[in-house]
Amino acid sequence: HLAFYATQARDRLSASPRARKLTRFALKRFWGPVGSTIMPKSETSWILGYLLGGSEGTKAIRKIDSDIDELPGLAGMSLMRTAVSKYGVAA
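My aim in this report is to walk through the structure given alongside it, one point at a time. (Residues numbered from 1 in each chain as written. Predicted model: local features only at pLDDT ≥ 70, side-chain atom pairs only at ≥ 80, totals over all residues. Heavy atoms only, no water.)

### Some remarks on the pattern of salt bridges
Which entries qualify depends on this criterion: Think of a salt bridge as a Lys or Arg side-chain nitrogen and an Asp or Glu carboxyl oxygen that are within 4 Å of each other. Every helix listed is a DSSP run of H or I at least four residues long, and every strand listed is a run of E at least two residues long, numbered separately from the N terminus. Buried residues are those whose accessible area, probed at 1.4 Å on protein chains only, stays under 20% of the maximum for their type, while exposed residues exceed 50% and partly exposed ones sit between those limits.
The final tally for this structure, using the stated rule, is two salt bridges. Where Glu56 meets Lys59, a salt bridge forms, and the shortest distance between an N and an O atom there is 3.2 Å. Residue Glu56 and its partner Lys59 are both found in helix α4 (residues 54-69); the two are separated by three residues, about one turn of the helix. There is no split in this pair, since Glu56 and Lys59 are both exposed. Across the pair Lys63 and Asp67 runs a salt bridge, and its minimum N-O distance is 2.7 Å. One end of the pair, Lys63, and the other, Asp67, are both in helix α4, four residues apart, so they sit about a helical turn from each other. Taking the relative accessible area as the measure of exposure, Lys63 reaches 49% and is therefore partly exposed.

This is the structure in structure tokens:
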């Protein structure tokens, strides 16, 4: 599934400047870790620290951000690094 969605995202973003602009805006303005809008901040912080803390977590965060950076129009967003730091997890 992941390859399908990545290919679709790459193709659609490549084909449309409007899609790139809208996607960048929506991700920057509205995206957050799953559950972060309904869970208390302390619980979101705990789960992010548990899943993405430490050196292996830092590698995963960098990999996710790198994968997003490779999509047309989304370079430099640092979505994961920004999200985890908002909840007190070092990246």
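Once you've had a look at it, read on.
### Side note on the nonpolar core
Generally speaking, nonpolar side chains in soluble globular proteins are found buried as a group. This is how it is decided: Only buried residues count toward a nonpolar core. Its members are Ala, Val, Leu, Ile, Met, Phe, Trp, Tyr and Cys residues joined through side-chain atoms within 4.5 Å. When checking whether two residues touch, look at their non-hydrogen atoms; a contact exists if any pair is within 4.5 Å.
Core analysis: the biggest nonpolar cluster contains seven residues, these being Leu48, Leu52, Ile61, Met80, Val84, Tyr87 and Val89. Elements with a contribution of two residues or more to this core: α3 (41-52) and α5 (79-86). Sequence-distant contacts of Tyr87, that is, excluding residues within four places in its chain, are made with Pro33, Ser36, Lys41, Thr44, Ser45 and Leu48. If you look at the next biggest cluster of nonpolar residues, it comprises six residues, including Ile68, Leu71, Leu74 and Leu79.

### Quick notes on unusual backbone geometry
In this structure, Ser78 takes a positive phi of about 50 degrees despite not being glycine. Turning to its location among the elements, Ser78 is positioned in the loop between α4 and α5. Given a relative accessible area of 15%, Ser78 falls into the buried group.

### Concerning the packing of aromatic side chains
Filter applied, for reference: Here is the rule: rings of Phe, Tyr and Trp (six-membered ring for Trp) pair when centre to centre is within 6.5 Å. Planes less than 30 degrees apart are stacked, more than 60 are edge-to-face, and the remainder are tilted.
Summed over the entire model, instances satisfying the criterion amount to three aromatic pairs. Plain terms: the ring middles of Phe4 and Tyr5 are 5.3 Å apart, the flat faces sit at 70 degrees to each other, and that makes the pair edge-to-face. Each ring, one from Trp46 and one from Tyr50, has its centre 5.2 Å from the other, and the planes form 10 degrees; the classification is stacked. Of this pair, Trp46 and Tyr50 both sit in helix α3, separated by four residues, roughly a single helical turn. Taking relative accessible area as the criterion, Tyr50 reaches 61% and is therefore assigned exposed.

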